[in-house]
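Chain by chain, the residues run as shown.
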Amino acid sequence: MKIVIANESHAKYAEIICNTMEESAKVRGTGIARRSPEYILKKMSNGNAIIALDGDKFAGFCYIEIWSHEKFVANSGLIVHPDYRNQGLAKDIKKAIFELSRKKYPNSKIFGITTGLAVMKINYELGYQPVTFSELTDDETFWSGCQTCKNFDILTRTERKMCLCTGMLYDPAKKKPLEKTEKLNEKAFKRLKNIKQTLFYKKEKEKAVE
């Protein structure tokens, strides 16, 4: 397995990357901001993506997004092909894209929003901390990218203060990578996610009755 910085030579994988992202979201029943092959190609040509390959077969991918004039960067679109899941590849890709972000944008805060417990756990081990959405970028372009997510109406109703996603942030000025002995409180995150789902779905039912 090779995990490398993607470039234009990997253009042939753009379509399968987008399709794998979309299919994964459908299986999980979660929202996802869709990306086009052209968008993925741009990330590759800028050297702002990591790709995992098993020989010539696509195995995984993740890319960097830049916001607020490099004040923030996000490691987005983490995906592992179904044939390579449950092997620790997602963690390896996430670590590689995190290290690339720190190298290219050493003064930027690195953030992400996700509903996936596995991604939260990986982020936490890299030194991210859970934060409110107000501590993330206020770049309108970033938030408009959530429009294709099925939960966008929740984000809108709460005036971008809350959604089913959890915001996480790595601040190079304040945080250092956590020691391996520190573990994510998975029960707390699951409880938070369940509370959010119950709260928002209850409002949906009340709205439907009206």
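Refer to the structure above for everything that follows.
As the structure is a computational prediction, the values presented were derived from the model and not from experiment.

Cut-offs applied
Residues numbered from 1 in each chain as written. Predicted model: local features only at pLDDT ≥ 70, side-chain atom pairs only at ≥ 80, totals over all residues. Heavy atoms only, no water. Helix = DSSP H or I, 4+ residues; strand = E, 2+ residues; numbered from the N terminus. Buried < 20%, exposed > 50% of the residue type's maximum accessible area, 1.4 Å probe, protein only. Contact = heavy atoms within 4.5 Å. Salt bridge = Lys/Arg side-chain N within 4 Å of Asp/Glu carboxyl O. Polar contact = N/O pair within 3.5 Å; in protein donor to acceptor, adjacent residues only side chain to side chain.

Re the side chain of Asn-48
So, step 1. Note that Asn-48 resides in the loop between helix H2 (37-45) and strand S2 (49-54).
So, step 2. On the basis of relative accessible area, Asn-48 is assigned to the buried category, the value being 4%.
So, step 3. Once residues lying within four places of it in the same chain are set aside, the contact partners of Asn-48 are Lys-43, Tyr-63, Ile-64, Ile-66, Lys-104 and Tyr-105.

Describing the pattern of salt bridges
So, step 1. Counted under the stated rule, the structure contains five salt bridges.
So, step 2. Across the pair Glu-65 and Arg-35 runs a salt bridge whose closest N-O atoms are separated by 3.2 Å. Residue Glu-65 is found in strand S3 (residues 57-67), and its partner Arg-35 is found in the loop between helix H1 (14-28) and H2; the two are separated by 30 residues along the sequence.
So, step 3. Across the pair Lys-57 and Asp-83 runs a salt bridge, and its minimum N-O distance is 2.7 Å. Note that Lys-57 is positioned in strand S3 and Asp-83 in the loop between strand S4 (72-80) and helix H3 (89-104), a separation of 26 residues in sequence.
So, step 4. With relative accessibility at 38%, the residue Lys-57 sits in the partly exposed group.

Thoughts on the side chain of Asn-75
So, step 1. Checked against the element boundaries, Asn-75 lands in strand S4.
So, step 2. A relative accessible area of 9% means that Asn-75 is categorised as buried.
So, step 3. At a separation of 2.8 Å, a polar atom in the side chain of Asn-75 contacts the side chain of Ser-101.
So, step 4. There is a polar contact of 3.3 Å between the side chain of Asn-75 and the side chain of Tyr-128.
So, step 5. Those residues in contact with Asn-75 that sit more than four places away from it in its chain are Cys-62, Tyr-63, Ile-64, Lys-94, Ile-97, Phe-98, Ser-101, Ile-110, Phe-111 and Tyr-128.

Concerning helix H4 (residues 117-126)
One turn of the α-helix equals 3.6 residues, which is why residues spaced by three or four share an orientation.
So, step 1. Within the span of H4, buried status applies to Met-120, Ile-122, Asn-123, Tyr-124 and Leu-126.
So, step 2. Among the residues trailing H4, Gly-127 stands out with phi positive, at a value near 115 degrees.

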